[in-house]
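Residue-level listing of the chains:
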Amino acid sequence: MKRRKFNQLAALGAAGTMISPLAFAAASPAELKASDFGKDFKWGTATAAYQIEGAHDADGKGPSVWDTFSHKKGKILDKTNGDVACDHYNRYPEDIALLKEMNFQVNRFSISWSRILPDGNGKVNQAGIDHYHKVIDKCLEIGVEPWITLYHWDLPQALEDKGGWANREVIDWFSNYVDICTKEFGGKVKNWMIFNEPTAFVGLGYLMGLHAPGHKSLKKFYKATHHVCMCQAEGGRITRRNVKDAFIGTTFSCSHIEPWRPGKDDKAVKRLDAILNRLFIEPLLGMGYPTDGWKSLKNVEKQMQPGDAEKLTFDFDFIGLQNYFRIKAKKSLFPPLIWANQVQPTKWLDKSELTDMGWEVSPEGLYKVLKQFNKYGLKNIIVTENGAAFPDKLENGRVHDPRRTQFYKDYLSNVLRAKKEGVNITGYFCWTLMDNFEWAEGYHPRFGLIHIDFETQKRTIKDTGLWFKEFLANK
Ligand code: GCO
């Protein structure tokens, strides 16, 4: 049973790879220094509530779509769930201290909507509010900046029962939630992100059925897409109104896309680019939905009501870009995306390095996608996620993970290259602080800078974390 995100995206129209990473080696300078990125450059790690917190029903929390989904048979590759995860709900002081020990300055984390509003709307759960105050206070106490993601995929189940993102009422529900959080925490937290990767939670959750809530419906996908775009801008406006001196962004997954057969698959590239890279950012910038890339997106346009066009836009202070791999697109006969298909590398041709997710290591893909997004003329770009899963082993109290260290060096070199060429990149956050629940994959892929022993909850900083500690000591 292969259900890797790579393949999931592939089903959405993504693809495989073949070019040797050696071709990109030239991009890496001999020695990378944090100071090269500038004094004000933000260095951080990113996490998501459902992937680390556990305590799934503690202190009045209501269930989210991920609680429901992960308990359904056959949804999670290793039959696990996020009930306990890294127990970060209880161990956050230790985890934030470890982040600081590695010399990171930013803790990007998400709030669980159903801890604050167990039914998604209506009665506020004070214990949930108190919990995030404690997390924020811990960060501030030790000199770490809290950066909050308002939504990282865990919609309250009670709202999903009413149609979730496919119901236009979600605009009111989400606005209320954002209003509560920004009023409550805005005095202490200045850095906010509205969404994490809409393409992923709408595509995988409403079209592919591979992530919560598990729908396979084009109709729901079109509706959810428009409602999420409306909420994205509205969330920005509410945050601006409630938080003095706020620095507001939202994040997008993105991948550089190449044709599998140059000349023959250009249409596949265009179509896939519209869905994976352009769909959620262009309406925000007042460009409308990218129907020129994929005509079916006219069905998203059809969801618009009078006055929506202006409400889709908001002037974000920064855009968070999240990148892991490059994609090759190919014409395919399978609907609904006739022109794109997954292509896995063939053994005898494949020279690329693959991570534990089956994703190609392609540092130059990050450079190219940064250049692509730079064309929008964004104020600030922050790489809000980038990282890799490799099969780590804890041996004698150490985790030697040289492939991960190399991964970061190579990707960071490409960030620097883009920055030097004028792309306004002002921060870089690693995915992720610690090994955690990797959605439909379960606990098998380990992306963390900190190793978690899920039996004992013991934390061990991996060699890559120690590398960052040294690297960031001289910024
Ligand atoms: C995403 C999410 C993270 C993932 C990470 C690795 O991009 O899917 O933001 O929650 O865990 O990307 O797949």
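Bear in mind that the values here come from a model prediction, so they are computed numbers and not experimental data.

Undergrad: Looking at this structure, I do not really get the sheet that holds strand β2 (residues 106-110). What am I missing?
TA: Sheet strands pair by backbone hydrogen bonding; their relative direction is either parallel or antiparallel. Taken in spatial order, the eight strands close into a barrel running β1-β2-β3-β4-β5-β7-β9-β12, and their pairing is parallel. Strand-to-strand twist across the sheet, computed as the mean angle between neighbouring axes with direction ignored, equals 25°. Where strand β4 (residues 191-195) lies against strand β5 (residues 247-253), three bridges are found, and the strand directions are parallel. Counted as the bridge partner of W192 is I248 from β5. Sheet strands in contact with helix α15 (residues 402-420) are β1 (42-46), β9 (381-385) and β12 (425-431), and its direction is about 165° off that of β12.

Undergrad: Mind showing me how you'd approach unusual backbone geometry here?
TA: Peptide bonds are mostly trans, and most non-glycine residues show a negative phi. For the peptide bond that leads from A212 to P213, omega is 0°, which places it in the cis range. In this fold, P213 is placed in the loop between α9 (198-207) and α10 (218-242). Omega for the peptide link from W431 to T432 comes to 20°, which places this bond in the cis form. Here T432 is to be found in the loop between β12 and β13 (450-453). In the Ramachandran plot, W153 falls in the positive-phi region, its phi being about 85° despite a non-glycine side chain. Within the secondary structure, W153 is located in the loop between β3 (145-151) and α7 (157-160). We note that E197 has phi near 45°; this positive angle belongs to a residue other than glycine. Positionally, E197 belongs in the loop between β4 and α9. On the basis of relative accessible area, E197 is assigned to the buried category, the value being 2%.

Undergrad: Looking at this structure, how should I read the pattern of salt bridges?
TA: Opposite charge on two side chains permits pairing when their charged atoms draw close. A complete count under the given rule lists 34 salt bridges for this structure. A salt bridge links R398 to D463; the shortest N-O distance between them is 2.9 Å. With R398 in strand β11 (residues 398-399) and D463 in helix α16 (residues 463-473), the pair connects residues that are 65 residues apart, well separated along the chain. Judged by relative accessible area, D463 falls into the buried class, the value being 18%.

Undergrad: Just checking my understanding: could you explain the environment of A388 for this structure?
TA: You can see A388 is positioned in the loop between β9 and β10 (394-395). Residue A388 is classed as buried on the basis of its relative accessible area of 1%. Discounting chain neighbours no more than four positions away, the residues touching A388 are T355, R404, F407, Y408, W431, R446 and F447.

Undergrad: Can you help me understand α15 in this one?
TA: Residues spaced three or four apart along an α-helix point in a common direction, a consequence of the helix completing one turn every 3.6 residues. Taking 1.5 Å as the rise per residue, α15 with 19 residues should run 27 Å; its terminal C-alpha atoms sit 27 Å apart, in good agreement. Every buried residue of α15 is listed here: R404, T405, F407, Y408, D410, Y411, L412, S413, N414, V415, L416 and A418. Residues of α15 that are buried make contact with β1, α14 (363-374), β9, β12 and α16. Backbone geometry just downstream of α15 places G422 in the positive-phi region, at approximately 105°.

Undergrad: How should I be thinking about the packing of aromatic side chains in this particular structure?
TA: Two aromatic rings are characterised by how far apart their centres lie and by the angle between their planes. Counted under the stated rule, the structure contains 46 aromatic pairs. With a centroid separation of 5.0 Å and an interplanar angle of 65°, the aromatic rings of Y151 and F201 are classed as edge-to-face. Here Y151, found in strand β3, pairs with F201, found in helix α9; they are 50 residues apart in sequence, far enough to count as distant. For the pair Y151 and F201, one class covers both residues: buried. Note on W359 and F447: the rings are 5.9 Å apart at their centroids and 55° apart in plane angle, and the pair reads as tilted. Of this pair, W359 sits in the loop between β8 (327-329) and α14 while F447 sits in the loop between β12 and β13; the two residues are 88 residues apart in sequence, bridging distant segments of the chain. Each member of the pair, W359 as well as F447, is classed as buried. Taken together, the ring pairs in this structure connect F37, F41, W43, F104, F407, Y408, Y411, Y428, W467, F468 and F471 into an aromatic cluster. Over the ring of Y367 we find R417; its NZ or CZ atom is 3.6 Å from the centre of that ring.

Undergrad: For this particular structure, what's the right way to read the packing of helix α4 (residues 88-101) against helix α6 (residues 126-142)?
TA: Packed helices, taken two at a time, are described by their axes: the angle between them and the distance between them. As a packed pair, α4 and α6 sit with axes 10 Å apart at the nearest point and diverge in direction by 20°. Between α4 and α6, the angle is such that the two are roughly parallel. For α4 against α6, the interelement crossing comes out right-handed. Judged by residue contacts, Y89, Y92, P93, I96, A97 and K100 of α4 engage H131, K134, V135, K138, C139 and I142 from α6. Taken together, the residues of the contact of α4 with α6 break down into eight nonpolar, one polar and three charged.

Undergrad: So what exactly am I meant to see when it comes to the nonpolar core here?
TA: The tendency in soluble globular proteins is for nonpolar side chains to be buried as a group. If you look at the biggest cluster of nonpolar residues, it comprises 146 residues, and the most contacted ones within it are W165 and F185. With residues up to four places along the chain from it excluded, the contact list for F185 reads I111, I116, I129, Y132, H133, I136, I148 and W192.

Undergrad: I would appreciate a short explanation of the confidence of the model for the protein in the present structure.
TA: Interpretation of this model should avoid reading the predicted coordinates in detail wherever pLDDT is low. Confidence in the prediction of the protein, expressed as mean pLDDT, is 91, and 90% of residues score 70 or more. Here residues 338-349 is modelled with pLDDT under 50, and outside its nearest four sequence neighbours on either side it reaches 37 contacts, counting other chains as well.

Undergrad: Just to check I follow, could you spell out helix α11 (residues 266-278) for this structure?
TA: The largest bend in α11 amounts to roughly 30° and is located at L272. Burial analysis of α11 places 10 of its 13 residues in the buried class, which makes it a mostly covered element.

Undergrad: Help me understand the environment of K295, please; the structure alone is not making it clear to me.
TA: If you trace the backbone, K295 turns up in the loop between α11 and α12 (298-301). Of the residues examined, K295 reaches a relative accessible area of 66% and is grouped as exposed.

Undergrad: Could you clarify how one ought to interpret the side chain of S362 in this entry?
TA: With respect to the element layout, S362 can be found in the loop between β8 and α14. What makes S362 buried here is its relative accessible area of 0%. In terms of polar contacts, S362 uses its side chain to reach the backbone amide nitrogen of R326, at 3.1 Å. Residues in contact with S362, not counting those within four places in the same chain, are F325, R326 and Y411.

Reading the values: rules and limits
- Residues numbered from 1 in each chain as written.
- Predicted model: local features only at pLDDT ≥ 70, side-chain atom pairs only at ≥ 80, totals over all residues.
- Heavy atoms only, no water.
- Pairing = 2+ DSSP bridges.
- Helix = DSSP H or I, 4+ residues; strand = E, 2+ residues; numbered from the N terminus.
- Axes fitted to C-alpha atoms, helices over the stretch in contact; angles between N-to-C directions.
- Contact = heavy atoms within 4.5 Å.
- Buried < 20%, exposed > 50% of the residue type's maximum accessible area, 1.4 Å probe, protein only.
- Salt bridge = Lys/Arg side-chain N within 4 Å of Asp/Glu carboxyl O.
- Expected span 1.5 Å × (residues − 1).
- Phe/Tyr/Trp six-rings, centres within 6.5 Å; stacked < 30°, edge-to-face > 60°.
- Lys NZ or Arg CZ within 6 Å of the ring centre and 35° of its normal.
- Parallel < 35°, antiparallel > 145°, perpendicular 65-115°, else oblique.
- Left-handed = near helix turned anticlockwise from the far one by under 90°.
- Nonpolar A, V, L, I, M, F, W, Y, C, P; charged D, E, K, R; others polar.
- Core = buried A, V, L, I, M, F, W, Y, C linked by side-chain atoms within 4.5 Å.
- pLDDT = per-residue confidence, 0-100.
- Bend = angle between axes of the 7 residues up to and from the residue.
- Polar contact = N/O pair within 3.5 Å; in protein donor to acceptor, adjacent residues only side chain to side chain.

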